[in-house]
Amino acid sequence: MSYFETKPYAVVVIGAGSGIGRAAAEFLGAQGVSVACLDRDLPAAEDVAQQIRGRDGEALALAADVTVDASINTALDRVDAVFGRIHGLVNCAGITGRTNLKGHEVDLADFDAVYQINLRGAMVVSKAVLPRMLKYGYGRLLHVASIAGKEGNAGMAAYSATKAGLIGLVKSLGKDYAETGVTINALAPAVIRTPLVEELPETTVTYMTEKIPMRRCGTLEEAAQMIAWIVSPACSFTTGFTFDLSGGRATY
Ligand SMILES: NC(=O)c1ccc[n+]([C@@H]2O[C@H](COP(=O)([O-])OP(=O)(O)OC[C@H]3O[C@@H](n4cnc5c(N)ncnc54)[C@H](O)[C@@H]3O)[C@@H](O)[C@H]2O)c1
């Protein structure tokens, strides 16, 4: 069964070059969705688009950086030109910045860099894509937040704060557009083994994983399945919400 019976259906995945974004792009492509793979790492985006096309899917790769609004607008103009319109967008662009630091040890330049991508970047993406969706009275916008935004992970002040901000942003935007046919939601994963997690100190990964009641990490397949459903027409009565993907860690 496919979540996407109405075709064509075009979804933009930002951060498609790696990890959760890559898994979501590949899963959507296999569902017959036209996928625009955006990443600041263009060769990585090209690689995933190539992979989708190699399995008879439709995909396009574009360079885009969420910290630069002109870059996002130019890429979305191109997606509009090639696919006609944008039905859904999944924003997976995110970084942890330096971790394993107490608050007073945080470097403010690093804090700013994390903010630029994780929170301001989500606003840049929302501003760029929402008018394109509102024009058709339909859209599915999904930002990938984190359980860290709900609970606050020790040693990860910048990451936890910006992900909490992102959850607040989604709550607000969901209400702004609740009557328009455009939904705006977030996803809060716990730990999924991706390059982002592999770069963290092992003590940080152990700290995060031990908090998961299911006593395991989430899988990329589990993330991709949930993302695909949230950006599909079937997910129609939920907006401003943060979906849980935490193996029981989240309590709200
Ligand atoms: N992996 C986890 O356990 C986990 C848990 C909770 C939340 N998340 C969130 O999920 C999202 C994806 O994480 P991941 O683990 O797949 O990471 P990843 O590092 O594997 O992939 C992130 C991708 O985003 C791209 N990117 C980074 N900055 C960008 C920018 N400014 N503009 C455009 N693209 C940019 C990178 O090039 C990379 O391809 C992130 O927002 C992350 O915070 C991940």
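For clarity, every value in this text was computed on a predicted model and none was experimentally measured. (Residues numbered from 1 in each chain as written. Predicted model: local features only at pLDDT ≥ 70, side-chain atom pairs only at ≥ 80, totals over all residues. Heavy atoms only, no water.)

**Q** Mind showing me how you'd approach the overall build of the protein here?
**A** Across its full length, the protein carries nine helices and seven strands. Expected size for 252 residues packed as a compact globule is a radius of gyration near 18 Å; at 17 Å, the protein falls within 12% of this value. Each principal axis of the C-alpha distribution contributes one length, and for the protein these read about 50 × 35 × 35 Å. Expressed as a percentage of the 252 residues in the protein, the buried residues total 53%. Sequence-distant contacts in the protein: of pairs separated by 6 or more residues, those separated by 24 or more amount to 71%. (Helix = DSSP H or I, 4+ residues; strand = E, 2+ residues; numbered from the N terminus. Rg over C-alpha atoms; globule rule 2.2 N^0.38 Å. Buried < 20%, exposed > 50% of the residue type's maximum accessible area, 1.4 Å probe, protein only. Contact = heavy atoms within 4.5 Å.)

**Q** Help me understand the pattern of salt bridges, please; the structure alone is not making it clear to me.
**A** Two side chains carrying opposite charge are able to pair once their charged atoms lie near each other. Tallied over the entire structure, the rule returns nine salt bridges. Asp77 serves as the salt-bridge partner of Arg132, at 3.0 Å between the closest nitrogen and oxygen. Taken together, the positions of Arg132 in helix α4 (residues 108-134) and Asp77 in helix α3 (residues 69-83) put the pair 55 residues apart, joining distant regions of the chain. Between Arg132 and Asp80 there is a salt bridge whose closest N-O contact spans 2.8 Å. (Salt bridge = Lys/Arg side-chain N within 4 Å of Asp/Glu carboxyl O.)

**Q** Before we go on, may I ask you to explain the sheet that holds strand β2 (residues 34-39) in this structure?
**A** Note on sheets: strands pair through backbone hydrogen bonds, and any given pair is parallel or antiparallel. Taken in spatial order, the seven strands line up as β3-β2-β1-β4-β5-β6-β7 in an open sheet, and their pairing is parallel. If you trace the sheet from one side to the other, it starts and ends with β3 (58-63) and β7 (242-245), each paired once. If you compare each strand with its neighbour and ignore which way they point, the axes differ by 20 degrees on average. Pairing between strand β4 (residues 88-91) and strand β5 (residues 139-144): four bridges, direction parallel. Looking across to β5, one finds that Asn91 is bridged to His143. Packing against the sheet, helix α9 (residues 220-230) makes contact with β4, β5, β6 (182-189) and β7, and its axis sits at approximately 160 degrees to β7. (Pairing = 2+ DSSP bridges. Axes fitted to C-alpha atoms, helices over the stretch in contact; angles between N-to-C directions.)

**Q** Even after reading the chapter, I still don't get the pairing of β3, so can you show me in this structure?
**A** The side chains of a regular strand alternate between the sheet's two faces. Sheet topology places β2 next to β3; six bridges connect them, and they run parallel. Residue pairing for β3: Leu38 is matched across the bridge by Leu62. With helix α2 (residues 42-54) bridging β2 and the parallel β3, this β-α-β connection has right-handed handedness. (Right-handed = clockwise from strand over helix to strand, strands pointing away.)

**Q** Mind showing me how you'd approach the nonpolar core here?
**A** One broad trend across soluble globular proteins is that nonpolar side chains are buried collectively. The biggest cluster of nonpolar side chains holds 36 residues, and the ones touching the most others in it are Val11, Val13, Ala25, Leu28, Val35, Cys37 and Val90. Among the elements of the structure, β1 (10-14), α1 (19-30), β2, α2, β3, β5, α9 and β7 are those that each provide at least two residues to this core. Of all the elements, α1 adds the most residues to this core, at six residues. Grouped together as the second largest cluster of nonpolar side chains are 35 residues, Leu62, Val66, Val129 and Leu166 included. (Core = buried A, V, L, I, M, F, W, Y, C linked by side-chain atoms within 4.5 Å.)

**Q** For this particular structure, what's the right way to read the pairing of β6?
**A** The element β6 is largely enclosed, with a buried count of eight among its eight residues. Burial along β6 is two-sided: Val182, Ile184, Ala186 and Ala188 and Thr183, Asn185, Leu187 and Pro189, pointing in opposite directions, are all buried. Strand direction decides the pairing type here: β5 and β6, joined by six bridges, are parallel. Paired with Arg140 across the bridge in β6 is Thr183. Strand direction decides the pairing type here: β6 and β7, joined by four bridges, are parallel. Residue pairing across strands places Ala186 opposite Thr242, the latter belonging to β7.

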